[in-house]
Amino acid sequence: MEQTVVKIENLVKRYNDLIALDHLDLTIKEGEVYGLLGPNGSGKTTTMNCLLSLLTFDKGNIEIFGKPMSPTAYDIKKDIGVIMQNVAVYDELTVRENIDYFCGLYIRDKQERRRCVDEAIEFVGLEDFTKFYPKKLSGGLLRRLNIACGIAHKPKLILLDEPTVAVDPQSRNKILEGILQLNKNGATIIYTSHYMEEVEQICTRIAIMDKGRKIAEGTKDELKHMVKNTDTITVEMNDLPDSVLGQLKEMPHVYSVTYEDGKLVAACSGGKHNLIRILEVLQKNDLSFGRVYSEQPTLNDVFLEITGKALRDKED
Amino acid sequence: MQVFKLFMKILKKKLLLSAACVASFLALCIITTVTNSSEKTFTDTKIDICIFDEDNTPESQALVDYIAARHNIKEIENDRQAITDALFYSRIDYALTINKGYAQKLADGETEGMFTDRHLSESYGTAYMNNFLEEYVSCINTCIAGGESLASAIDTTGKVLSEGTDVVMISKPQGSGLSDGNGYFRYLAYFMPAVMISSLSPVLMTLNKSEVRFRTNCSTIRPVSAAFQIFAGSTVFVASVWLLFITAGVFLKGEFYSGNDWWCVLNSLLFSVISALIALLVAMLMPKSDMLMLVANVICLGMSFLCGVFVPMELLSDSVKRAGQFLPAYWYTMVNEMINGTAVFDKIKLVSYIGIEAAFVAAFAAVALLLFKLKFSSVRQS
Ligand SMILES: Nc1ncnc2c1ncn2[C@@H]1O[C@H](COP(=O)(O)OP(=O)(O)O)[C@@H](O)[C@H]1O
Ligand SMILES: [Mg+2]
């Protein structure tokens, strides 16, 4: 039986009139890569801060490793690693000194600490930069240093709050791979992001948040099953007679068909071989067509269907 | 010990700034001590200055002559570009324009808009020049207020300022130059806060950067332990600077402290602690470190002027003195003046002044503790 690592019950957090967390429940099991997905302002960071006892809350219960979390629960804190969106290192210390300092806040023993620091440096691949000062590091390397500072003490639970914001795609992939590696090495991960691609890519279970509430939870596939749409098929063609459009609309599993700007878009719900069956209809009517593609629903579709708005409408 | 070590590492990086402060202080002290300070105070810091006298009255000429007697006058074309170039290539340190209407303003007791000055760096020389001009004008105003005519006020001021404190001293200082009115301990009131704000404040601010504090708050280190280690680091630093100061004093004086000198030593220790607390408060209240040097200058220069650090107390107006009483440097200076004989020695008063300084320590420490509780507790409300 997998152990419960984090249990949040009925968590309510108010900032004056604003309800930032609205009766939030989360249960995270050992070994999971748990994703908190939600638009900016949905309460992800607030959840993290409450979880870490850095922020008081109005109501609710938080247990970590089966014990109640509190600001002085040092036996819990020693097994938690935190990596935040903002790089948090000292400019006055070298790469190695930084990692050693933050590791030293957890591990007193010098030899053990040296081993941990060495491993952390190797893990993030900063061996060639140990004597560099943070100001001299590129953005990607700085992020890696930030991660090394958070994980050097070998935490069993690692919280990451949007660690890839404003990171170039290459470094971003490196970071995601690293997170999976940490998970493989035995750490439970909580990962927050407003990038659904990332969450889809690495998380074993996902909670979608909006306005401080958990609006859906499950594995990637479970979440996608929540929406009617299973695949969207697009066919580029120069001409489509209304009669054929009518035929397509009659087809089973096809619930919406549009033809605009030389593009036929058919939204399907369930059924197999939808693409082939649509193309057969077109061929039977002797219609020629150009590019054809089929798309699976994304978590954005899930979000859209539940809240009626897109996950990311303003930014990016 | 992690935090203590970190404190020292960061301090090492930030020390350069305060090292410059300490060096200039010691240099000044050596100069004033060697020339045995009963003579002029600042003549040894000559700066290169060009003066444009746009007022062209006997009054403005008196000022030009006065400056010329103690500094190096350079001829520069009165042209914006030429002046900027001269400043940039360090041909001059300071360009002073005596604005039209100077004499009139002097007679009317106005102080605004008399001068236009240009300089590049905030060096000691330029700061000194600014102070000097202020001092010069206020001294003239004081004399006029005392019933003298403008011409005789200018004359008196010239004498008072060039002959230093001798003119106004109640009694001449006896003994060594160290505890002299112009001497070593007096300027500590300016330099100690400057050293502390330029080195201790940035260290504390770095340690308290919100991002890294976040990490610290998540870790297993007890907040009390972290605070204690920072306190220990600060104490070691303050003690070192103070000991350096006291030791250097012995060398400059050529003999060990004796008799009433010890009051100065105790006084300087108290004031060092006050300076450190000021630096702590600055660090807690400043949102960013880029304004730090400015704040340091405002606090140190402002306090020095109000509290008679650069000018003997006798020369200060009553309102200035009344304002000065709310500042710790005032009491520090009062003690010094009592020891060096500028003021009458009175043991009961002396002890009460030192008691007032101790009260400042307590008050600042209380404010710091309160701020710490309000702003830096590990659990936030929002
Ligand atoms: N310190 C604060 N004071 C007041 N409101 C806040 C504070 N921090 C966050 N909020 C508000 O709470 C909501 C949730 O914020 P946050 O947890 O930062 O969201 P996310 O991390 O998902 O972007 C937002 O509407 C935000 O404006
Ligand atoms: Mg956030």
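Every chain is numbered on its own, with residues counted from 1 as its sequence reads. In the order they appear in the text, chains get letters beginning with A and ligands get numbers beginning with 1. Where totals are concerned, whole chains, interfaces and linings use all residues; where local detail is concerned, this predicted model gives features only for residues with pLDDT of at least 70, and gives and counts side-chain atom pairs only at 80 or more. The side-chain numbers reported here are obtained from all heavy atoms of the structure, hydrogens and water having been left aside.

### A look at the sheet that holds strand β3 (residues 94–98) of chain B
All names here are of chain B. Strand pairing follows a simple DSSP-based rule, namely that at least 2 bridges must link the two strands. We count a stretch as a helix when DSSP gives it H or I for four or more residues in a row; a strand needs E for two or more, and each element gets its number in order from the N terminus. The mixed open sheet is built from four strands, whose spatial order is β2-β1-β3-β4. The two strands at the open ends of the sheet, each matched to only one other strand, are β2 (72–73) and β4 (115–118). As defined by bridge partners, strand β1 (residues 48–53) adjoins β3 across five bridges and the pair is classed as parallel. Paired with Phe52 across the two strands is Thr97, which belongs to β3. In this analysis, two residues are considered to be in contact whenever any of their non-hydrogen atoms come within 4.5 Å of each other. Lines are fitted to the C-alpha atoms to define the axes, a helix being fitted only along its stretch in contact, and any angle between axes, read from their N-to-C directions, falls within 0 to 180 degrees. Each of β1, β2, β3 and β4 touches helix α2 (residues 58–70); the most contacted strand, β1, lies at about 170 degrees to it.

### Some words on the site of ligand 1
Around ligand 1 sit Tyr15, Leu18, Ala20, Pro39, Asn40, Gly41, Ser42, Gly43, Lys44, Thr45 and Thr46 of chain A together with Ser382 of chain B, and that is every residue in its neighbourhood. Chain contributions to the surroundings of ligand 1 come from chains A and B. Between Ser42 of chain A and ligand 1, the recorded distance is 3.2 Å, taken from a backbone N or O atom to an oxygen atom. In the model, an oxygen atom of ligand 1 is placed 3.0 Å from a nitrogen or oxygen of the Gly43 of chain A main chain. In this description, accessible areas are obtained by the Shrake-Rupley approach with a 1.4 Å probe, and a residue is regarded as covered only by the protein chains that are shown. Relative to its free-state accessible area of 560 Å², ligand 1 is covered by the protein chains to the extent of 63%. Those elements that place two or more of their residues in the shell around ligand 1 are β2 (18–29) and α1 (44–51) of chain A. With three residues, α1 of chain A is the largest single contributor of residues to the shell around ligand 1. Proximity is defined per residue: if any heavy atom of the residue lies within 4 Å of a molecule or strand, that residue is considered near it. Two N or O atoms count as a polar contact when they lie within 3.5 Å, although within protein this holds only if one can serve as hydrogen donor and the other as acceptor, and sequence-adjacent residues are included solely when both atoms are side-chain atoms.

### Things to note about the pairing of strand β8 (residues 188–193) of chain A
For a regular strand, side-chain orientation follows a simple rule: the groups alternate between the two sheet faces. Residues and elements named next belong to chain A. Relative accessible area decides the class of each residue, using a 1.4 Å probe on protein chains only: under 20% of the type maximum gives buried, over 50% gives exposed, and in between gives partly exposed. A large share of β8 lies buried, amounting to six of its six residues. Where burial is concerned, the two faces of β8 agree: the one with Thr188, Ile190 and Thr192 and the one with Ile189, Tyr191 and Ser193 are both buried. Where strand β3 (residues 33–37) and β8 come together, five bridges link them in parallel fashion. What sits directly across from Val33, in β8, is Ile189. Sheet topology places strand β7 (residues 157–161) next to β8; five bridges connect them, and they run parallel. Paired with Asp161 across the two strands is Thr192, which belongs to β8. Call a crossover right-handed when, viewed with both strands pointing away from you, the route from the first strand across the helix to the second goes clockwise. Considered for its hand, the β-α-β crossover made up of β7, helix α6 (residues 169–184) and β8 is right-handed.

### Some points on a nonpolar patch on the surface
Patch definition: residues above 30% relative accessible area lacking any salt bridge, with like charges linked at up to 9 Å and the nonpolar side chains Val, Leu, Ile, Met, Phe, Trp and Tyr linked at up to 5 Å. Salt bridge, as applied in this entry: a Lys or Arg side-chain nitrogen positioned within 4 Å of an Asp or Glu carboxyl oxygen. On the surface, a cluster of nonpolar side chains totalling about 390 Å² of accessible area is made up of Phe88, Tyr89 and Leu120 of chain B. Assignment of secondary structure puts Leu120 of chain B in the loop between β4 and α5 (124–145).

### As for helix α4 (residues 110–124) of chain A
Since one α-helical turn is 3.6 residues long, residues separated by three or four positions face the same way. Residues and elements named next belong to chain A. The end-to-end C-alpha distance of α4, which contains 15 residues, comes to 21 Å, matching closely the 21 Å that a straight helix rising 1.5 Å per residue would cover. Turning to α4, its buried residues are Arg113, Cys116, Val117, Ala120, Ile121 and Val124. The arc that holds the buried residues of α4, viewed along the axis, is 135 degrees, so those residues lie on one side. Seen from the buried face of α4, the exposed residues on the opposite side, beyond 90 degrees, are Gln111, Arg114 and Glu122. Here α4 starts with a cap whose side-chain oxygen sits 3.4 Å from the backbone nitrogen of Gln111, and that cap is Asp109. The first or second residue beyond α4 is Gly125, which carries a positive phi of 70 degrees. What a helix should span is 1.5 Å times the count of its residues minus one. Each direction from the helix axis to a C-beta atom contributes to the arc, which is the arc of those directions.

### Comments concerning the interface of chain B and chain A
The interface is formed by 28 residues belonging to chain B together with 35 residues belonging to chain A. When chain B packs against chain A, close to 2900 Å² is buried across both sides, 59% of that on carbon and sulfur atoms. Accessible area, probed at 1.4 Å, shrinks when two parts are joined; the buried area is that loss added up over both. In terms of surface lost to chain A, no three residues of chain B exceed Gln2, Arg215 and Thr220 of chain B, which account for 24% of the buried area on that side. Our count for the contact surface shared by chain B and chain A stands at two salt bridges. Linking Lys9 of chain B and Glu97 of chain A is a salt bridge whose minimum nitrogen-to-oxygen distance equals 3.7 Å. Along the contact surface separating chain B from chain A lie ten residue pairs in polar contact (both at pLDDT 80 or more). When contributions to the side of chain B that touches chain A are tallied by element, the ones reaching two or more residues are α1 (2–34), α7 (184–207) and α8 (210–218) of chain B. Sort the elements by how many residues they give to the side of chain B that touches chain A and α1 of chain B lands first, with eight residues.

### Quick notes on the pattern of salt bridges
Residues and elements named next belong to chain A. Summed over all chains, the structure comprises 17 salt bridges over all chains. Linking Arg205 and Glu32 is a salt bridge whose minimum nitrogen-to-oxygen distance equals 2.4 Å. Pair noted here: Arg205 is in strand β9 (residues 205–210) and Glu32 is in the loop between β2 and β3, with a separation of 173 residues, a long-range link. Summarising the burial analysis for this pair, Arg205 and Glu32 share the class buried. Across the pair Lys135 and Asp91 runs a salt bridge whose closest N-O atoms are separated by 3.4 Å. One end of the pair, Lys135, is in the loop between α4 and α5 (139–151); the other, Asp91, is in the loop between β6 (80–83) and α3 (95–104), and 44 residues separate them in sequence. Residue classification places Asp91 among the partly exposed residues on the basis of a relative accessible area of 30%.

### Thoughts on the packing of aromatic side chains
Think of it this way: a Phe, Tyr or Trp ring, Trp meaning its six-membered ring, pairs with another when their centres are within 6.5 Å, and the plane angle makes it stacked under 30 degrees, edge-to-face over 60, tilted otherwise. Counted under the stated rule, the structure contains 17 aromatic pairs over all chains. The interplanar angle of 90 degrees and the centroid separation of 5.2 Å between the aromatic rings of Phe88 of chain B and Tyr89 of chain B together place this pair among those described as edge-to-face. Between Trp331 of chain B and Tyr353 of chain B, the ring centres sit 5.3 Å apart and the planes meet at 50 degrees, which makes this aromatic pair tilted. Taken as a pair, Trp331 of chain B in helix α13 (residues 328–340) and Tyr353 of chain B in helix α14 (residues 347–375) lie far apart in primary sequence, 22 residues in all. Among the residues examined, Trp331 of chain B registers a relative accessible area of 11% and is labelled buried. By the ring-pair criterion, three or more aromatic residues cluster together here, those being Phe185, Phe245, Phe256, Tyr257 and Trp262 of chain B. We call a charge positioned over a ring when the NZ of a Lys or the CZ of an Arg lies within 6 Å of the ring centre and within 35 degrees of the ring normal. A cation over a ring is seen here: Arg215 of chain B above Phe102 of chain A, with NZ or CZ 5.1 Å from the ring centre.

### Digging into the pairing of β3 of chain A
Residues and elements named next belong to chain A. Most of β3 sits out of view: five of its five residues are buried. Of the two faces of β3, the one carrying Val33, Gly35 and Leu37 and the one carrying Tyr34 and Leu36 are both buried. Bridge count between β3 and β9: four bridges; the pairing is parallel. Across the sheet, residue Tyr34 finds its bridge partner in β9, namely Arg205.

### Things to note about the packing of α7 of chain B against α13 of chain B
All names here are of chain B. Relative orientation of the contacting elements α7 and α13 amounts to 175 degrees, with a least axis distance of 9 Å. Here α13 runs roughly antiparallel to α7, going by the angle between their axes. Residues Phe185, Arg186, Leu188 and Ala189 of α7 pack against Ala329, Tyr332, Thr333, Asn336 and Glu337 of α13. A per-class count over the contact of α7 with α13 returns five nonpolar, two polar and two charged. Here roughly perpendicular refers to angles of 65 to 115 degrees, roughly parallel to angles under 35, roughly antiparallel to angles over 145, and oblique to all remaining angles. Any residue outside Ala, Val, Leu, Ile, Met, Phe, Trp, Tyr, Cys, Pro, Asp, Glu, Lys and Arg is labelled polar, Gly included; the first ten of those are nonpolar and the last four are charged.

### Overview of the domain arrangement of chain A
Assigned domains of chain A: these are domain 1 (4–224) and domain 2 (231–296). Each domain span listed reflects an automatic or database assignment of domains. Here domain 1 of chain A and domain 2 of chain A have C-alpha centroids that lie 44 Å from each other.

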